[in-house]
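Analysis of the macromolecular model
For reference, the chains in residue letters:
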Amino acid sequence: MKYVAHILGIIIVSSVFYLFMNYVEKDLVLSGYVIPPAGILLSQWLDSFKFWASTGIFASLTASLLWYIIFQWIVKVNDSAISDKRIIWLSFFILPVIFIMLGIFYTKQAEAGSWVANLFYVLNGLFCYYFATALFSPSSFKYTPLWASKFRWWK
Amino acid sequence: MNHYAIGIGGTGAKCIEALIHLSAAGLMPKGELYVLFVDPDKGNGNIDRAAITLQRYIDLKRIQLGAVDFLKTNISEAKPNVWSPFENEAQPTLDKFFQYNELRESNKAATHLFDVLYSPSEKATTLEKGFRGHPSIGAAVMAETVRLGQGEPWGTFRNRIIQDIRGGTGARIFLFGSIFGGTGASGFPTIATLIRKELAELQQNNQNVPQQENMKLGGMLAMPYFSFLYESQDTEMKAKSENFLINTHTGLKYYYHKTYSNIYDAIYSCGDETQSLVSTASLGGNTQKNEPHFVELYAALSAITFFSEKDPSGFNLIARKQLNQLDWIDLPDGKVGTAIKQKIGQLTRFAFSYLSVYYPMLKAIRENERAYRAPWFIDFFARENISLNNTQTSLDDLKAFCEDFLLWVANLHNSAKEEKINLINWNAFAHVVKEKDGKEKVKLLPSFRLKDFGNLILPSGKEKPNELSRLWEMVCDSKVRDSNSVGIGKFIHALYRESYLKE
């Protein structure tokens, strides 16, 4: 039951980021701020942003689920000497980072406002993985994500 | 109901040691346990070890654990904890004790009787290391010196019992002693008779002391279960294992003719026909430190049975299902038959995991290791503002207690080499080491076999190599909502609770 709740939690965090990206970042912020490059409609540019932002969030979700599955069911803490996994947790950032970079690279440079879109790519990708794992890591590693002990108070 | 345990002689002390371990596992019924050792040899190694275990128990009991089986029973020790009939005598002998030389002048008839009863060597041999396998000496000395109303620790012992009887709490007194040695064989009937007699006298002289219905007296009479080697040229007067069976035969005849039921409400008896050889044959003193034996587990369980039953009575014997084998089913375990396995199993799992995983982790964190590695540390220590430096003594005491317990368990299994004891997989945490003098000794492994944790309790069944990981996760998830569990008590409470043996 606990495991289902954790996985659901990870999915919910990612969904919140997706909804925020779709309705706040895209519709409220970028649509009024970005001037698309010549020959491209704003709606087309925003669709491209949505695609790469979604991919970034999905990469974060995948990294979070991988982290959870590996450290809940594959890695065992039969010895306290092997309980330090922070480096591995940090290395899972690579997956969203790759897709953030791809998003930045493949999204056409706008006349104005590109930097905001790039900032959103970075924030969505990194924070989605961070919050999903800080809030719902396997119990044995629940404080491995940085500062997780400040706000994780449940099982 | 309050409980009193008196360990007489070396075997008595070892039985008390077993009782302390079983109390730690939560097998004692409700009520306080008061412990007293009786031995002329105050420096006896067996008493030393039992007294150290007892002191650790008492120290750990100060930690507020809340409602958990671990260390559930309040144990207090007599002050002084060891009573010797030779308090003021550095090198006592029987003739000095009975002032034989003075007696020769004043009472010739008594002197002659004395000469008939005791040989010259019995009269002249020093007794600071015990009665040397001669209960006839011990019985005379004990009968002359045990006075419930005078001096300590008997004064407090008597007052507590009277208070328990008057207050309606009730008292159960249990004596442990061997039938085959010197001190136990002499103290077992003598001290019990004196307790009965003194309380009867008190009752006659004082209307305020109610009937003895609230006071029951029981005892564990250990039959021979070990032997030792000694030099054949050695002519010094001492206990010799070749005499154990003769002593036992004579002792049993004594109890038969004396109708033990006039003294004891219930007697329990247990021995082992495979008398295992102890590694250290010693006259007494600190070197008399014999390894724990599974018969002592039975002895402690008999005390627990006596303390728990509504109306314990009779002469109780026990048998095993199979000769040369001991399984959980062979232990006297009430009607349900799983409590002993469950509770000893839980304490074994707790001690194993604490020593192999949790204590080393706490040590590493104290030495600046990153705390996030152990989520349970953040939950039970950091968030509760508990400093490891301030709690180090308690954590070290717990470590020492767990080591004592696991060594005791390992020794129980190794005690009877020709018998198969199928209780705990002790090889997961201990091994037999040959020391420089050629003697074998059970020691804890420098690194426990962690993969065996899930199969510690026998029969082992399906392999569970990741049981420690499961425990780690459960402790990380654990919450202790018991208001009587405070400080590091919460952590110990959680670890103990989660160490529960799931069948």
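Everything that follows concerns the structure shown earlier in this document.
Structural notes, computed from the coordinates. (Residues numbered from 1 in each chain as written. Chains lettered and ligands numbered in written order. Predicted model: local features only at pLDDT ≥ 70, side-chain atom pairs only at ≥ 80, totals over all residues. Heavy atoms only, no water.)

On to the overall build of chain B. Each helix and strand in chain B was counted, giving 16 helices and 13 strands. Looking at chain B residue by residue over its 503 residues, the buried ones come to 57%. In chain B, the share of contacts with a sequence separation of at least 24, taken over all contacts with a separation of at least 6, comes to 76%. As presented, chain B carries roughly 21500 Å² of accessible surface, and 48% of it is formed by carbon and sulfur atoms. (Helix = DSSP H or I, 4+ residues; strand = E, 2+ residues; numbered from the N terminus. Buried < 20%, exposed > 50% of the residue type's maximum accessible area, 1.4 Å probe, protein only. Contact = heavy atoms within 4.5 Å. Areas by Shrake-Rupley, 256 points an atom, 1.4 Å probe, with all protein chains shown as cover.)

The next point concerns the overall build of chain A. Within chain A, the regular secondary structure consists of six helices and zero strands. Along chain A, from the amino end to the carboxyl end, the secondary structure elements read α-α-α-α-α-α. For chain A, the spread of C-alpha atoms along the principal axes amounts to about 60 × 25 × 25 Å. With 155 residues in all, chain A has 48% of them scored as buried. Taken as a whole, chain A presents about 7600 Å² of accessible surface, with 76% of it coming from carbon and sulfur. For chain A, the distance from the average position of its 11 positive side-chain charges to the average position of its 6 negative side-chain charges is 14 Å. (Lys, Arg positive; Asp, Glu negative; His and termini not counted. Charge placed at Lys NZ, Arg CZ, Asp CG, Glu CD.)

Let us now look at the pattern of salt bridges. A full pass over the atoms with the stated rule returns 25 salt bridges over all chains. Its salt-bridge partner being B:Asp59, residue B:Arg62 comes within 3.1 Å of it at the nearest N-O pair. Under the relative-accessibility criterion, B:Asp59 is labelled partly exposed at 22%. Three or more residues are tied together by salt bridges with common partners; here these are A:Asp84, B:Glu369, B:Arg370 and B:Arg373. (Salt bridge = Lys/Arg side-chain N within 4 Å of Asp/Glu carboxyl O.)

Size of an interface: often given as the accessible area lost when the parts come together. Every contact between the two is made by 20 residues of chain B and, on the other side, 23 residues of chain A. Taken together, the two surfaces of chain B and chain A that pack against each other cover about 2000 Å², and 46% of this comes from carbon and sulfur. Looking at the side of chain B facing chain A, the largest losses of area belong to B:Tyr372, B:Arg373 and B:Arg383, adding up to 32% of the total buried there. There are four salt bridges connecting chain B and chain A. Here B:Asp477 makes a salt bridge to A:Lys2, at a shortest N to O gap of 2.4 Å. Our count for the contact surface shared by chain B and chain A stands at 20 residue pairs in polar contact (both at pLDDT 80 or more). Elements supplying a minimum of two residues to the side of chain B that touches chain A: α12 (339-366), α13 (375-382) and α15 (467-477) of chain B. Per element, the largest residue contribution to the side of chain B that touches chain A is seven residues, and it comes from α15(B). (Buried area = accessible area lost by both parts, 1.4 Å probe. Polar contact = N/O pair within 3.5 Å; in protein donor to acceptor, adjacent residues only side chain to side chain.)

Before going further, it helps to spend a moment on helix α11 (residues 294-308) of chain B. In an α-helix, one turn spans 3.6 residues, which is why side chains three or four residues apart end up on the same side. The terminal C-alpha atoms of α11(B), which comprises 15 residues, lie 21 Å apart, in line with the 21 Å expected from a rise of 1.5 Å per residue. Where burial is concerned, most of α11(B) is hidden: 13 out of the 15 residues are buried. (Expected span 1.5 Å × (residues − 1).)

Residue and element names in this part refer to chain B. Summed over all chains, the structure comprises zero disulfides over all chains. Sulfur of Cys 270: no disulfide; nearest cysteine sulfur belongs to Cys 15 and is 9.3 Å away. On the accessibility criterion, Cys 270 (10% relative accessible area) is buried. Between Cys 402, a free cysteine, and Cys 476, which holds the nearest cysteine sulfur, the sulfur-to-sulfur gap is 19 Å. (Disulfide = S-S within 2.5 Å.)

This brings us to unusual backbone geometry. Residue and element names in this part refer to chain B. The step from Lys 79 to Pro 80 runs through a cis peptide bond, and the omega angle for that step is -5°. As for its placement among the helices and strands, Pro 80 is situated in strand β3 (residues 75-83). Here Asn 324, not a glycine, exhibits a phi torsion of approximately 65°, which is positive. Mapping Asn 324 onto the fold places it in the loop between β9 (314-317) and β10 (325-327). The backbone of Asn 385 sits at a positive phi, close to 55°, despite the residue not being glycine. Among the secondary structure elements, Asn 385 is positioned in the loop between α13 and α14 (388-415).

Let us now look at the side chain of B:Ser478. Residues and elements named next belong to chain B. Following the sequence through the fold, Ser 478 ends up in the loop between α15 and α16 (488-498). For Ser 478, a relative accessible area of 4% gives the class buried. Those residues in contact with Ser 478 that sit more than four places away from it in its chain are Phe 380, Ala 494, Arg 497 and Glu 498.

So, on to a nonpolar patch on the surface. Residues and elements named next belong to chain A. On the surface, a nonpolar cluster with roughly 750 Å² of combined accessible area is contributed by Leu 28, Val 29, Tyr 33, Trp 115, Leu 119, Leu 123, Phe 127 and Phe 131. Elements supplying a minimum of two residues to the nonpolar patch: α1 (2-33) and α5 (114-136). In terms of residue count, α5 provides more of the nonpolar patch than any other element does, five residues in total. By the secondary structure assignment, Phe 127 is in helix α5. Its relative accessible area of 38% is what places Phe 127 among the partly exposed residues. (Patch = residues over 30% accessible without salt bridge, like charges linked within 9 Å, V, L, I, M, F, W, Y side chains within 5 Å.)

A few words now on the nonpolar core. All names here are of chain B. Phe 70, Trp 376 and Phe 429 are the most contacted members of the largest nonpolar core, which has 163 residues in total. The greatest single-element share of this core, amounting to 14 residues, is contributed by α12. Apart from residues no more than four positions distant in its own chain, Phe 429 is found in contact with Thr 348, Phe 352, Leu 406, Val 409, Ala 410, Ile 424, Lys 443, Leu 444, Leu 445, Phe 448 and Leu 456. (Core = buried A, V, L, I, M, F, W, Y, C linked by side-chain atoms within 4.5 Å.)

Residue and element names in this part refer to chain B. Counting buried positions over the five residues of strand β7 (residues 266-270) gives five, a clear majority of the element. For strand β5 (residues 215-222) and β7, the ladder comprises five bridges, and the chain directions are parallel. Across the sheet, Leu 221 pairs through a bridge with Ser 269, a residue of β7. (Pairing = 2+ DSSP bridges.)

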